[in-house]
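So you can see what is in the structure, the chains are spelled out below.
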Amino acid sequence: MKPVEGKILFVPELESSQDELASWVREGNRSIVGVRADFQSKGRGRLGRGWLTPPGEALALSLALYPYADWEQPQLLGMAVALAVAEALDLSLRWPNDLVLCLDEGARKVGGILSEMIPAGKSRIPVIGIGVNLAVAEFPSELKATATSLLLAGRKPPTPEEAQERILDAIREVPEPTAWSALAGRWMARDVTPGKPYLLDGRPGEAVGINDEGHLIVRTEEGLTIVPSAEAWYGGSTP
Ligand code: BTN
């Protein structure tokens, strides 16, 4: 992918790096291409959920991908950045852009990507939020069964600064997300999606794979269904 070139602001405490960067983008200030926060008081996850960023223990980084303004397949941008993060930190991937670690007790979520297209003048700019639990020492009880951190999984976590540098380097090395086929080979080497239980409009199903457009293929009692990423809702309670 094209490199993220420009200034990345570091702010010790923010409500959300995503919202901070979106306001820079809306104002049309293209010199700021990223925002990283040490602590987020109102971090946002996918599908309207919250996202925890304990001070000093996690990466909370948002990037404005200006070279990809009005990109026709925005879901592939989030997947490409997820792939870059997975390659930078040696993680597994779960569709559409969960970063996971496979532990004895099963796959546990260690990070995620929030992809948004922010209107700026006549264009829509992709703002990609990256959250990774680096040295998070404890999770609230409702997340304990599904989330982990590099530290809790027995890895030596990089600092947030190191993680940012590695991810920016890895983004340059990821193929251009022109089609799912461009990403598929490297993604599938890290994919743990097949076999995941899945709720489709409340009906149980099973994720069986990813199609040519990067959408999920789910098998329910009624047969195979294609699910675009915006509708992903694994298991019903996965963070
Ligand atoms: C997910 O639900 O899996 C996506 C989580 C994305 C969290 C990141 S942390 C940096 C950026 N700022 C936010 O408020 N959210 C994203």
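Residues numbered from 1 in each chain as written. Predicted model: local features only at pLDDT ≥ 70, side-chain atom pairs only at ≥ 80, totals over all residues. Heavy atoms only, no water.

Novice: When you look at the environment of Asp169 in this model, what are you seeing that I'm missing?
Specialist: Tracing the chain through its elements places Asp169 in helix α3 (residues 160-173). Spatially, the C-alpha atom of Asp169 lies 9.2 Å from that of Val4, the residues being 165 residues apart in sequence. (Helix = DSSP H or I, 4+ residues; strand = E, 2+ residues; numbered from the N terminus.)

Novice: How should I be thinking about the pattern of salt bridges in this particular structure?
Specialist: Per the stated rule, a full pass over the model turns up 11 salt bridges. In this structure, Glu15 engages Lys42 in a salt bridge whose closest nitrogen and oxygen atoms are separated by 3.7 Å. With a gap of 27 residues between them, Glu15 in the loop between β1 (7-14) and α1 (17-27) and Lys42 in the loop between β2 (32-40) and β3 (58-64) connect regions that are remote in the sequence. Relative accessible area serves as the criterion here: at 45%, Glu15 is assigned to the partly exposed category. Here Asp19 and Arg44 are joined by a salt bridge, their closest N and O atoms 2.7 Å apart. On the criterion of sequence distance, the pair formed by Asp19 in helix α1 and Arg44 in the loop between β2 and β3 is long-range, its members being 25 residues apart. Assessed through its relative accessible area of 31%, Arg44 is described here as partly exposed. Each of the salt bridges in this network shares a partner with another, and the network as a whole consists of Asp19, Arg44 and Glu116. (Salt bridge = Lys/Arg side-chain N within 4 Å of Asp/Glu carboxyl O. Buried < 20%, exposed > 50% of the residue type's maximum accessible area, 1.4 Å probe, protein only.)

Novice: Help me understand helix α4 (residues 180-188) in this model?
Specialist: Listing the buried residues of α4 in full gives Trp180, Leu183, Ala184 and Trp187. Angularly, the buried residues of α4 cover 125 degrees about the axis, an arc narrow enough to put them on a single face. Across from the buried face of α4, at angles greater than 90 degrees, the exposed residues are Ser181 and Gly185. In the core, the buried residues of α4 are packed alongside α2 (74-89), β4 (92-94) and β9 (203-210). (Arc of directions from axis to C-beta. Contact = heavy atoms within 4.5 Å.)

Novice: What is the right way to look at the packing of α2 against α3 in this model?
Specialist: Axis separation between α2 and α3 bottoms out at 8 Å; the angle between their running directions is 120 degrees. Put simply, α2 runs oblique to α3. Note on packing geometry: the crossing formed by α2 with α3 is right-handed. Across the interface between the two elements, Ala84, Val85, Ala88 and Leu89 of α2 pack against Ala163, Arg166, Ile167, Ala170 and Ile171 of α3. Per-class residue counts for the contact of α2 with α3 are eight nonpolar, no polar and one charged. (Axes fitted to C-alpha atoms, helices over the stretch in contact; angles between N-to-C directions. Parallel < 35°, antiparallel > 145°, perpendicular 65-115°, else oblique. Left-handed = near helix turned anticlockwise from the far one by under 90°. Nonpolar A, V, L, I, M, F, W, Y, C, P; charged D, E, K, R; others polar.)

Novice: Honestly, the pairing of β9 in this entry has me stumped. Any pointers?
Specialist: Along any regular strand the residues' side chains alternate between the sheet's two faces. Examined bridge by bridge, strand β8 (residues 197-200) and β9 share four bridges and lie antiparallel to one another. Its bridge partner lying in β9, Tyr198 is registered against Gly205. Between β8 and β9, which follow one another and run antiparallel, lie two residues, and Asp201 among them has a positive phi close to 50 degrees. In this sheet, strand β10 (residues 216-220) lies alongside β9 in antiparallel orientation, the contact comprising four bridges. Counterpart to Ile210 in the pairing with β10 is Leu216. Taking the residues that link successive antiparallel strands as the turn, the β9-β10 hairpin has five residues, and the phi of Gly214 there is positive, at about 85 degrees. (Pairing = 2+ DSSP bridges.)

Novice: Even after reading the chapter, I still don't get the nonpolar core, so can you show me in this structure?
Specialist: For soluble globular proteins, nonpolar side chains are generally found buried alongside one another. If you look at the biggest cluster of nonpolar residues, it comprises 65 residues, and the most contacted ones within it are Val25, Leu63, Leu65, Val85, Leu89, Leu99 and Ile130. Ranked by residues supplied to this core, first place goes to α2 with 12 residues. (Core = buried A, V, L, I, M, F, W, Y, C linked by side-chain atoms within 4.5 Å.)

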